[in-house]
Amino acid sequence: MNILITGSNGQLGSEIRTLSSQYGGHAFVYTDVAELDITDGLVVRQFCVDHQIHGIVNCAAYTAVDKAETDEAMARRINVLGAENLAKAAVEVGAAMVHISTDYVFNGRANVPMKEDDAIDPIGVYGQTKAEGEQAVLASGADALVVRTSWLYSAFGSNFVKTIRKYGVERGHLKVVFDQVGTPTYARDLAKACLDIITSGERISAKGNVYHYSNEGAISWFDFAHAIIELSGISCTIEPVGSDQFPTAARRPNYSVMDKGKIKSDFGIAIPYWRESLVACIGRLSCGE
Ligand SMILES: NC(=O)C1=CN([C@@H]2O[C@H](COP(=O)(O)OP(=O)(O)OC[C@H]3O[C@@H](n4cnc5c(N)ncnc54)[C@H](OP(=O)(O)O)[C@@H]3O)[C@@H](O)[C@H]2O)C=CC1
Ligand SMILES: Cc1cn([C@H]2C[C@H](O)[C@@H](COP(=O)(O)OP(=O)(O)O[C@H]3O[C@@H](C)C(=O)[C@@H](O)[C@H]3O)O2)c(=O)[nH]c1=O
């Protein structure tokens, strides 16, 4: 298969790059905005024709949650129009598509892990545009899957793990919210799941169109920060605070843990516990990788 990876300089795209050599027999075409701007529908279509694309993993997105509140048009352009352009091109060339979405499509008021068919109700612009992007992909008629993930981190790009390590060293004392609970996801684990799915066979959406993938377990951002500092060997105290004491431009869901049963049973995917994966990522960061 010829597999197009969009947004391939980001966290997930970079992890896919590092893993894809394990998927022999497939040719990968890596693009980011400089090579393929997904918001240009004509260019996207022609690119897929010219490169005889059989599979797409859309890692491109607008991911700045707070900035999106005042930059809605751009967030919508990338997260909705971009996703729709790729899905329409997938229909035209007969390609399968894995599209990545987020736990932030939920309102956070549940108290048990969300299933794929639970109602979505985003509370911020980023989540709203990601929800519209999901709908555009699902309405396109493409052989497409939406994989919702949460709290992504990686050795690449910017993320909570790197921010906490940096602030921990610089400041020695941090305040981190304890009333937002979810599950971290190591982008390397998600990259493997995406590659397993896109290379899985004839029709990837045969069993379902929406799947949840995060690491296993459930913690607050405070617990996550605590583990990051501890595993990094940084001397820093962390104070648990409520969201009202850590004001941000965008509201975040209070509870966004997702049920992963469907992806495990339909695709036979094994999911690591969050702490094991955090240990692996911090090992890489500590080696300067
Ligand atoms: N980060 C997280 O915590 C989470 C992310 N997700 C979802 O997972 C997916 C991957 O996220 P992640 O790897 O963290 O994202 P990143 O922000 O790390 O990477 C996204 C990449 O897309 C690129 N991009 C932006 N606009 C365009 C465009 N018009 N055309 C092509 N490429 C573009 C970005 O370039 P540039 O940097 O130049 O803008 C960047 O390289 C996204 O769909 C995201 O919504 C879901 C849950 C959690
Ligand atoms: C850095 C920091 C953050 N926080 C809070 C702010 C926020 O409520 C929470 C998470 O912080 P961040 O802003 O780094 O994370 P955020 O950008 O909200 O992360 C989200 O990104 C998008 C793309 C997603 O799709 C989500 O799944 C999720 O990963 O922790 C603290 O309380 N103390 C701190 O020192």
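Residues numbered from 1 in each chain as written. Chains lettered and ligands numbered in written order. Predicted model: local features only at pLDDT ≥ 70, side-chain atom pairs only at ≥ 80, totals over all residues. Heavy atoms only, no water.

An unreviewed UniProt entry annotates the chain as dTDP-4-dehydrorhamnose reductase of Breznakibacter xylanolyticus. Taken directly from UniProt, the Function (unreviewed entry) text for the chain runs: "Catalyzes the reduction of dTDP-6-deoxy-L-lyxo-4-hexulose to yield dTDP-L-rhamnose." (UniProt positions renumbered as here; feature names shortened; annotations may be inferred.)

## A closer look at the packing of helix 3 (residues 72-93) against helix 4 (residues 125-139)
Put simply, helix 3 and helix 4 touch, their axes get as near as 8 Å, and they point 15° apart. When the interaxial angle is binned, helix 3 and helix 4 end up roughly parallel. Crossing geometry of helix 3 relative to helix 4 is assigned as right-handed. The segment helix 3 lies against helix 4, with Glu72, Ala75, Arg76, Asn79, Val80, Ala83, Glu84 and Ala87 engaging Val125, Tyr126, Gln128, Thr129, Lys130, Glu132, Gly133, Ala136 and Val137. In the contact of helix 3 with helix 4, the residues fall into 8 nonpolar, 4 polar and 5 charged. (Axes fitted to C-alpha atoms, helices over the stretch in contact; angles between N-to-C directions. Helix = DSSP H or I, 4+ residues; strand = E, 2+ residues; numbered from the N terminus. Parallel < 35°, antiparallel > 145°, perpendicular 65-115°, else oblique. Left-handed = near helix turned anticlockwise from the far one by under 90°. Contact = heavy atoms within 4.5 Å. Nonpolar A, V, L, I, M, F, W, Y, C, P; charged D, E, K, R; others polar.)

## Concerning the sheet that holds strand 4 (residues 96-102)
Pairing in this open sheet of 6 strands is parallel, and the strands run 2-1-3-4-5-10 from one edge to the other. The open sheet has two edge strands, strand 2 (27-30) and strand 10 (210-212), and neither has a second partner. Here the average twist between neighbouring strands, direction ignored, is 20°. Pairing of strand 5 (residues 143-149) with strand 10 involves 3 bridges; the strand directions are parallel. (Pairing = 2+ DSSP bridges.)

## A few points about the site of ligand 1
Around ligand 1, a shell composed of 25 residues is seen, among which Leu12, Asp32, Thr63, Tyr126 and Lys130 lie nearest. Thr63 places a polar side-chain atom, nitrogen or oxygen, 2.8 Å from an oxygen atom of ligand 1. Between ligand 1 and the protein, one listed contact pairs an oxygen atom with a backbone N or O atom of Ile100 at 3.2 Å. Contact with the protein chains covers 79% of the free accessible surface of ligand 1, which is 900 Å². Contributing elements (two or more residues each) for the shell around ligand 1: helix 1 (11-19), strand 4 and helix 4. Counting residues per element, the shell around ligand 1 draws most heavily on strand 4, at 3 residues. Class assignment for the residues of the shell around ligand 1 results in 12 nonpolar, 10 polar and 3 charged. (Near = heavy atom within 4 Å. Polar contact = N/O pair within 3.5 Å; in protein donor to acceptor, adjacent residues only side chain to side chain. Areas by Shrake-Rupley, 256 points an atom, 1.4 Å probe, with all protein chains shown as cover.)

## Digging into the site of ligand 2
Around ligand 2 sit 18 residues in total, of which Thr102, Asp103, Tyr104, Lys175 and Arg252 are the nearest. In this structure, Tyr104 approaches ligand 2 through a side-chain N or O atom, which is 2.8 Å from an oxygen atom. In the model, an oxygen atom of ligand 2 is placed 2.8 Å from a nitrogen or oxygen of the Tyr126 side chain. The protein chains hide 84% of the 700 Å² of surface that ligand 2 would expose on its own. Counting only elements with at least two residues in the shell around ligand 2, the list comes to helix 5 (160-171) and strand 7 (173-177).

## A short note on helix 9 (residues 274-286)
Note on helix geometry: an α-helix contains 3.6 residues per turn, so any two residues three or four positions apart are oriented the same way. Spanning 13 residues, helix 9 covers 18 Å between terminal C-alpha atoms, matching the ideal 18 Å at 1.5 Å per step. Of all the residues in helix 9, the buried ones are Trp274, Ser277, Leu278, Cys281, Ile282, Arg284 and Leu285. When helix 9 is viewed along its axis, its buried side chains cluster within an angular range of 155° and face the same direction. Across helix 9 from its buried face, at more than 90 degrees, point the exposed residues Glu276 and Ser286. After helix 9 finishes, the residue Gly288 shows a positive phi value of roughly 80°. (Expected span 1.5 Å × (residues − 1). Buried < 20%, exposed > 50% of the residue type's maximum accessible area, 1.4 Å probe, protein only. Arc of directions from axis to C-beta.)

## Overview of the UniProt feature "domain: RmlD-like substrate binding" (unreviewed entry) in the chain
The positions that UniProt labels "domain: RmlD-like substrate binding" (unreviewed entry) are, in the present scheme, residues 1-285. Between the C-alpha atoms that bound residues 1-285 the distance is 32 Å, and the span itself is 39% helix and 17% strand.

## Section: the packing of aromatic side chains
Evaluation of the coordinates by the stated rule reveals 11 aromatic pairs. Considering the side-chain rings of Phe28 and Tyr30, the 6.2 Å spacing of their centres and the 15° angle between planes classify their relative orientation as stacked. For Phe28, a relative accessible area of 17% puts it in the buried group. Both rings, one in Trp151 and one in Trp221, keep their centres 3.6 Å apart while their planes meet at 10°; by these two values the pair is stacked. With Trp151 in the loop between strand 5 and strand 6 (152-153) and Trp221 in helix 7 (residues 221-232), this pair connects stretches of sequence that are 70 residues apart. The residues Trp151 and Trp221 share a single accessibility class, namely buried. An aromatic cluster is present here, built from Trp151, Tyr153, Phe160, Tyr186, Trp221, Phe224, Tyr273 and Trp274 joined pairwise through their rings. Lying over the aromatic face of Tyr167, Arg171 brings its terminal NZ or CZ to 3.7 Å of the ring centre. The ring of Tyr211 carries the charged tip of Lys262 above its face, separated from the ring centre by 4.7 Å. (Phe/Tyr/Trp six-rings, centres within 6.5 Å; stacked < 30°, edge-to-face > 60°. Lys NZ or Arg CZ within 6 Å of the ring centre and 35° of its normal.)

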